[in-house]
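# Summary of structural features
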Amino acid sequence: MALLVEESISAGTIVETIRACDEAKIRDIQLFDIYRGAGVAEGYKSVALSLTLQEYTQTLTDFEIDAIFSKVLEVLASKHNAKLRD
């Protein structure tokens, strides 16, 4: 997921917020890019993260994955005014 956030919000804060969602199926969160430049408004940055989702007893359905993704985005938008990068 690539998020647009204000420059003042650290990547660590974003990761902590995702962990605080208390979603047990999120097994790992990896930061793999921070971008500033063309296509990103001044005062903002793009933070790209990889989320590993896993359920040990069954395969996750698309519906379950979408629900987790939506929950995480909703919390990030609420707490940090984060938006998905186009």
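Residues numbered from 1 in each chain as written. Predicted model: local features only at pLDDT ≥ 70, side-chain atom pairs only at ≥ 80, totals over all residues. Heavy atoms only, no water.

### Here's the deal with unusual backbone geometry
In this structure, Asp22 takes a positive phi of about 55° despite not being glycine. Topologically, Asp22 is positioned in the loop between helix H1 (11-20) and strand S2 (26-35). What makes Asp22 exposed here is its relative accessible area of 67%. Phi angles above zero are rare outside glycine, and Asn81 is one such case at about 55°. Its place among the elements puts Asn81 in the loop between helix H2 (62-80) and strand S4 (83-84). Judged by relative accessible area, Asn81 falls into the partly exposed class, the value being 40%. (Helix = DSSP H or I, 4+ residues; strand = E, 2+ residues; numbered from the N terminus. Buried < 20%, exposed > 50% of the residue type's maximum accessible area, 1.4 Å probe, protein only.)

### What to know about the pattern of salt bridges
The tally for this structure, following the rule as stated, stands at three salt bridges. The residue Glu23 makes a salt bridge to Lys71 at a minimum N-O spacing of 3.8 Å. Of this pair, Glu23 sits in the loop between H1 and S2 while Lys71 sits in helix H2, and the two are 48 residues apart along the sequence. Its relative accessible area of 18% is what places Glu23 among the buried residues. Under the relative-accessibility criterion, Lys71 is labelled partly exposed at 33%. Note that Lys25 is salt-bridged to Glu55, the shortest N-O span being 3.8 Å. (Salt bridge = Lys/Arg side-chain N within 4 Å of Asp/Glu carboxyl O.)

### Observations regarding the side chain of Ser46
Structurally, the position occupied by Ser46 is in strand S3 (residues 44-53). By relative accessible area, Ser46 is classed as buried at 3%. A distance of 3.4 Å separates a polar atom in the side chain of Ser46 from a polar atom in the side chain of Arg85. Beyond its immediate chain neighbours, meaning those up to four positions away, Ser46 contacts Ala2, Leu3, Leu4, Asp33, Ile34, Tyr35, Val40 and Arg85. (Polar contact = N/O pair within 3.5 Å; in protein donor to acceptor, adjacent residues only side chain to side chain. Contact = heavy atoms within 4.5 Å.)

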